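Each chain, written out:
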Amino acid sequence: MAFLVMLLFLFQYLYADRLTIYRTIQFLITDISLVSFIFIFHGFELNTLKSKNAVLISTVLGSFLGVLVGMFFTILIFGANRDVYRHEFIATTIAASLAIPILSLLYYRIVISKIPSLHCIVIGDKSIYGSLLAEVEESAQGKILIEQWASSVEQARGLFKDISHKVIIIANLQLFRELSLEVYELEKKGVQKFYITEVVEDWLYRIPLTIAEEYRDYYEIFFNQTPISQEKRIMDIVFGLVMGIIAIPFILLFGILVVLNSGFPVIFKQKRVGLYEEPFMFYKIRSLKEDKQLENSGNPNGTITQRLTFVGKILRKTRIDEFPQFMNILNGTMSVVGPRPEMGIYHDKWKETIPFYGFRNMVRPGLTGWAQINYGHTTTLEEYIRKTEYDLYYVKHKSLSFDIQIIMKTFETFLGMKGGR
């Protein structure tokens, strides 16, 4: 952080036409504020540095707010001086937004290359957790290596005798409770211990239901205390107004195309399940042919390909069919980001079948979401389970910066940079 402050000050020194002690103090206050805000937005954490989008969002938000706060304090302390805080501070924001993401990603590559691989002993049954931790190994790109498994107290005690530099991953809680004193003694000797919850969330970005079941008490308490963010609601209103105005010409244009291609109606309306399982009316531009027989089949989601119109293919590819939902966002039944709202019949079905499914509704449903940008369209039970795991991850980790990251990835879909979900 000190290096970035020095780098920003060097830029200001080269950019400014003159440098006085007065300006030097102002620049340093602003630079410290800027770097601190990037830190507040987790811009320097390894989990953030894994994603280019996350780095960019943390840096831009931190730079903008940091400069604003820095300007506020310099004006408060020294008085308004437009000759100082106008051009130089704008240039600082732009320079930081462009340069710091590049430096951060270079730093991440250097750090990752220097971090030694963790050789792990897992307290748990390989037949239960093996495939999951194999995914973690693949995602960690050699930084996590699962070497041994202990599915009983005797096995674990045998492995503890020659644990040396290895790391312990706690998967089976009941088994861990029987070994807790021995693990505590190993920790005092420098052996690292991680719970499987943090390992899979950090590397897979979802909450596998097998893990949620094992750690049910932890997750149930957490999800039941999920607060409704007022800051998020303000962002929804601002975003909904701006994007709603932009969306009007698209809705009108494609409304005409829908009529020409497949007749009326233009807007598809359907009741969906929202926040705290309250029903609400959900809107889309119609992209499917009306076919009562297919719609009333056992799996109407599975008949979407058969019912998709020519214009509907374009609508779904670009996600323009979702634009009427800006009205849902403005009236508070939906958010910009959140789990996709489900039909009541499916909600009831999956709530009975999929553990923790109901906790998706502890936040407002979204126009886009973490599951949508990470997973495809769902029709089978297995697909719904995986999608639920991503939704639960969002509910646990939701924040404004995370929302903006998801919005940016959604715009990639709209611009055709990757397929629609």
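For the structure given in this document, a descriptive report is provided here. (Residues numbered from 1 in each chain as written. Predicted model: local features only at pLDDT ≥ 70, side-chain atom pairs only at ≥ 80, totals over all residues. Heavy atoms only, no water.)

### Topic: the overall build of the protein
Phase 1: Of regular secondary structure, the protein possesses 21 helices and 9 strands.
Phase 2: Taken over the C-alpha atoms alone, the protein extends approximately 75 × 70 × 35 Å along its principal axes.
Phase 3: Pairs at least 24 residues apart make up 73% of the contacts formed inside the protein by residues separated by at least 6 positions.
Phase 4: Summing over all exposed atoms, the protein offers an accessible surface of approximately 21,500 Å²; the carbon and sulfur share of this is 63%. (Helix = DSSP H or I, 4+ residues; strand = E, 2+ residues; numbered from the N terminus. Contact = heavy atoms within 4.5 Å. Areas by Shrake-Rupley, 256 points an atom, 1.4 Å probe, with all protein chains shown as cover.)

### Things to note about the sheet that holds strand S8 (residues 342–343)
Phase 1: With antiparallel pairing, 3 strands are arranged side by side in an open sheet as S6-S5-S8. The outermost strands of the open sheet, each flanked by one partner alone, are strand S6 (279–285) and S8.
Phase 2: Where strand S5 (residues 267–273) lies against S6, 7 bridges are found, and the strand directions are antiparallel. What sits directly across from Arg272, in S6, is Phe280. (Pairing = 2+ DSSP bridges.)

### Details of the environment of Leu308
Phase 1: Mapped onto the elements of the fold, Leu308 is located in the loop between helix H15 (304–307) and helix H16 (310–318).
Phase 2: Between the alpha carbons of Leu308 and Glu322 there is a distance of 15 Å; along the sequence they are 14 residues apart.
Phase 3: Among residues more than four places away in sequence, those in contact with Leu308 are Ser287, Leu288, Lys289, Lys313 and Arg316.

### Some thoughts on helix H10 (residues 196–204)
Phase 1: Of all 9 residues that make up H10, 7 are buried, and the element is covered over most of its length.
Phase 2: If you check which residues of H10 are buried, you get Ile196, Thr197, Val199, Val200, Glu201, Trp203 and Leu204.
Phase 3: The positive-phi residue at the C-terminal boundary of H10 is Tyr205, with phi of around 60°. (Buried < 20%, exposed > 50% of the residue type's maximum accessible area, 1.4 Å probe, protein only.)

### Here's the deal with the packing of aromatic side chains
Phase 1: Inspection of the entire model under this criterion finds 21 aromatic pairs.
Phase 2: Ring geometry for Tyr195 and Tyr215: centres 6.2 Å apart, planes at 85°, overall edge-to-face. Of this pair, Tyr195 sits in strand S4 (residues 193–195) while Tyr215 sits in the loop between helix H11 (209–214) and helix H12 (216–224), placing them 20 residues apart in sequence.
Phase 3: The class of Tyr195 is partly exposed, set by a relative accessible area of 26%.
Phase 4: Relative to Tyr384, the ring of Tyr346 has its centre 6.4 Å away and its plane inclined at 15°; by these criteria the two rings are stacked. Remark: Tyr384 occurs in helix H20 (residues 381–397) and Tyr346 occurs in helix H18 (residues 344–353); sequence separation between them is 38 residues. (Phe/Tyr/Trp six-rings, centres within 6.5 Å; stacked < 30°, edge-to-face > 60°.)

### Re the nonpolar core
It is characteristic of soluble globular proteins that their nonpolar side chains tend to be buried jointly.
Phase 1: Counting residues in hydrophobic clusters, the biggest one holds 83 residues, and the most contacted among them are Ile123, Phe160, Ile168 and Ile196.
Phase 2: With near-sequence residues (within four places) excluded, Ile123 lies in contact with Ala150, Ala156, Phe160, Ile168, Ile169, Ile170, Ala171, Asn172, Leu175, Phe176 and Leu179.
Phase 3: Counting residues in each nonpolar core, the second largest holds 13 residues, with Leu4, Leu8, Leu34 and Phe89 among its members. (Core = buried A, V, L, I, M, F, W, Y, C linked by side-chain atoms within 4.5 Å.)

### A short note on a nonpolar patch on the surface
Phase 1: A cluster of nonpolar residues, Phe3, Leu7, Leu10, Tyr13, Leu14, Leu19, Ile102, Leu103 and Leu106, forms a patch on the protein surface that exposes about 860 Å² of accessible area.
Phase 2: Looking at the nonpolar patch, the elements with two or more residues in it are helix H1 (2–15) and helix H6 (87–114).
Phase 3: Top element by residues in the nonpolar patch is H1. It accounts for 5 residues.
Phase 4: Within the element layout of this structure, Leu14 appears in helix H1. (Patch = residues over 30% accessible without salt bridge, like charges linked within 9 Å, V, L, I, M, F, W, Y side chains within 5 Å. Salt bridge = Lys/Arg side-chain N within 4 Å of Asp/Glu carboxyl O.)

### Structural notes on the sheet that holds strand S1 (residues 118–123)
Phase 1: Reading across the sheet, the 4 strands line up as S2-S1-S3-S4 and stay open at both edges, with parallel pairing between neighbours. Lying at the two open borders of the sheet, with one neighbouring strand each, are strand S2 (144–150) and S4. Going from strand to strand, the sheet's axes swing by 30° on average, the running direction of each strand aside.
Phase 2: Lying on the sheet, helix H7 (residues 126–140) is in contact with S1 and S2; it crosses S2 at an angle near 165°.
Phase 3: Relative to the sheet, H10 contacts S2, strand S3 (167–170) and S4, its axis offset from that of S4 by approximately 70°. (Axes fitted to C-alpha atoms, helices over the stretch in contact; angles between N-to-C directions.)

### A word on unusual backbone geometry
Glycine aside, the phi torsion of most residues is negative, and most peptide linkages are trans.
Phase 1: Here the residue pair Phe264 and Pro265 is connected by a cis peptide bond, since its omega of -5° sits within 30 degrees of zero.
Phase 2: Unlike most non-glycine residues, Arg319 shows phi in positive territory, near 70°.
Phase 3: Along the chain, the position of Arg319 falls in the loop between H16 and helix H17 (325–330).
Phase 4: You can call Arg319 buried: its relative accessible area is 9%.

### A closer look at the environment of Gly369
Phase 1: Positionally, Gly369 belongs in the loop between strand S9 (366–368) and helix H19 (370–374).
Phase 2: A residue is classified by how much of its surface remains accessible, and Gly369, at 0% relative accessible area, is buried.
Phase 3: C-alpha separation for the pair Gly369 and Thr410, spaced 41 residues apart in sequence, amounts to 8.5 Å.
Phase 4: Discounting chain neighbours no more than four positions away, the residues touching Gly369 are Val337, Gly338 and Ile406.

### Some details on the pairing of S2
Phase 1: Pairing analysis gives 6 bridges linking S1 to S2, with the strands arranged parallel. Bridging across to S2, Leu118 finds its partner in Ile144.
Phase 2: Between the parallel pair S1 and S2, the chain is carried across by H7, and the sense of this crossover is right-handed. (Right-handed = clockwise from strand over helix to strand, strands pointing away.)

### So, the pattern of salt bridges
Phase 1: Under the counting rule described, the total for this entry stands at 16 salt bridges.
Phase 2: The partner of Lys232 in a salt bridge is Asp403, and the shortest N-O contact between them spans 2.6 Å. You can see Lys232 sitting in helix H13 (residues 230–262) and its partner Asp403 sitting in helix H21 (residues 400–414), a full 171 residues away along the chain.
Phase 3: For Asp403, a relative accessible area of 1% translates into the label buried.
Phase 4: The partner of Glu277 in a salt bridge is Lys351, with the nearest N and O atoms 2.6 Å apart. Taken as a pair, Glu277 in the loop between S5 and S6 and Lys351 in helix H18 lie far apart in primary sequence, 74 residues in all.
Phase 5: Its relative accessible area of 32% is what places Glu277 among the partly exposed residues.

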